[in-house]
Amino acid sequence: MAGCVSRVELSVSCRSLLDKDLGSRSDPLCVLLQDVGGGRWAELDRTERIKNCQNPEFCKKLVVDYYFEKVQKLRFGVYDIDNKSFDLNDDDYLGGIECTLGQVVSSSVFTRPLELKQGKPAGKGTITISAEEIKDTRVVYLEIEARNLDKKDFLGKSDPFLEFYKQSDAGTWQLVYRSEVIKNNLNPCWRRFSVPLQTFCGGDFNKPIKVQCADHDSDGSHDLIGAFETNLTQLQKAGDGSPVEFECIHPEKKQKKKSYKNSGIIRIKSCKIETEYSFLDYVMGGCQINFTVGVDFTGSNGDPKSPDSLHYISPDGINEYLIAIWSVGSVVQDYDTDKLFPAFGFGAQVPPGWQVSHEFALNFNPSNPYCQGIQGIVDAYRQILPQIRLYGPTNFSPIINHVARFAAHSAQQGTALQYFVLLIITDGEITDMDQTRQAIVNASKLPMSIIIVGVGEADFKAMEFLDGDNGVLKSLTGEPAARDIVQFVPFRQFKNAPREALSQMVLAEVPKQLVSYYKWQGWPPVKLPEKKKM
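Analysis parameters
- Residues numbered from 1 in each chain as written.
- Predicted model: local features only at pLDDT ≥ 70, side-chain atom pairs only at ≥ 80, totals over all residues.
- Heavy atoms only, no water.
- Domains from an automatic or database assignment.
- Contact = heavy atoms within 4.5 Å.
- Buried area = accessible area lost by both parts, 1.4 Å probe.
- Salt bridge = Lys/Arg side-chain N within 4 Å of Asp/Glu carboxyl O.
- Polar contact = N/O pair within 3.5 Å; in protein donor to acceptor, adjacent residues only side chain to side chain.
- Helix = DSSP H or I, 4+ residues; strand = E, 2+ residues; numbered from the N terminus.
- Buried < 20%, exposed > 50% of the residue type's maximum accessible area, 1.4 Å probe, protein only.
- Pairing = 2+ DSSP bridges.

Turning our attention to the domain arrangement of the protein chain. Accessible area lost on assembly of the parts is the figure often given for the size of an interface. When its domains are assigned, the protein chain resolves into domain 1 (6-134), domain 2 (138-275) and domain 3 (287-520). Computed from C-alpha coordinates alone, the two centres of domain 1 and domain 2 are separated by 28 Å. With 13 residues of domain 1 at the contact, the number on the domain 2 side is 11 residues. Summed over both sides, the interface between domain 1 and domain 2 buries roughly 970 Å², with carbon and sulfur atoms accounting for 40% of that surface. On the domain 1 side of the interface with domain 2, the three residues burying the most area are E57, C59 and E132, jointly 42% of the side's total. Between E132 and K166 there is a salt bridge, and its shortest N-O distance comes to 3.6 Å. Linking domain 1 with domain 2 are seven residue pairs in polar contact (both at pLDDT 80 or more). If you list the elements that add at least two residues to the side of domain 1 that touches domain 2, you get β1 (6-15) and β8 (120-134).

Given below as structure tokens:
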């Protein structure tokens, strides 16, 4: 794996966006994609959506791993979002740019005209991106409420929300957090929230912070209720039942009225600073990634001796199953010291009794299903193909539950030492959908991730459903997954791309999934990096 030099946080703002909504202004969101080779782009991150705004300053920062030795091609796309779906294909495109991360980090502020397509400008729209290295992994957690806020709405009470700004070195105010809106309430209590310390104040506890409280209007013309300035040192005094209070002051009202006191009180109930660990912290801290492969040997793949079968090994010794094993395995094997990988097949009749098995060892040794390295898996696969009969049905749950048993045993140790990645390669016709959903929901509470690579030309709707990107996967009883642990990729999209493109796409989510599990459990890396012992 190329060593990730550091993480970079990108702040994005736009000016003069095209207007796509009738009767109101556009509701923009910016999405960040990275070139993964072969003309394919993978989404890295996206900002929040801002309603009714042609000059948005996005609050959510886009985070990118920065590799010095790679040309990282990026694409920023701005969309007008008018629905709840995650998919951007049904939203109006307001323009975008392509550039490299190197260009962005080497300019202090990077501004470019937005284009609808190469050479076609998107009106007068521009995008401005500034980069900051994330050097600090501490996070600020705040709980805030207010009381006696001014009433701003003619018919109802105010709809208050908070905005936090940090002062840049040049003296300008930069937005770092925007809270949710609480409707019709002059004594609101906002949700507990967190902001990375670097974003919040650049790591400087005395850097001025401006807090604004405003009344939300759906047409985008929000009214200021009041504001105050503070810094993290003052905010940190809150906690243990003794809040810190600030008067919310409206500057114009203060000037006009001698008797003016304030427009309400903002109370900081608690302010805590905690350390967040990265994927590399866990890996360098001794966490091993255990890699298991499950191969689909059901009849729908076709007879392995026939050239149109998905299991047919071509004269140059490969097929889609082997390429998927190689490309994913070659990355993951670096994180496993013993290089012993269990490999299983499912959906075939196996000798000597020819009964159908949904989890048989590829090396026919159930008590020791481990193969030596990725080459060992490939050799076992080639040897077993002529000895079994492809059959059915296509059941995923036995192999997911098999790996989950190992993950559960490891989780009982209560340390971040073992994480499990299961690669399932399939032609997509899944039979035990309900049991598989339940198995994934159970596995979401364990230190494991599941990667599904779909080979062949089947309709992979069922697989896309298991990949919870479009909403949380639920079991048949309605129990939601604790976290998103499934990544599905159709192999056909990578037919002509370099091999590393498939592994980058499939493994992109694993670091986030590993960190999210250990954070959820509250487990630090086993060996803490020196600088983070706090």
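So, next bit.
Counted residue by residue, strand β17 (residues 288-296) has eight buried out of nine residues, so it is predominantly covered. Pairing analysis gives eight bridges linking β17 to strand β24 (residues 418-426), with the strands arranged parallel. Following the sheet pairing, I289 is matched in β24 by Y419. Of the strand pairs in this sheet, β17 and strand β18 (residues 340-346) are connected by four bridges, and their pairing is parallel.

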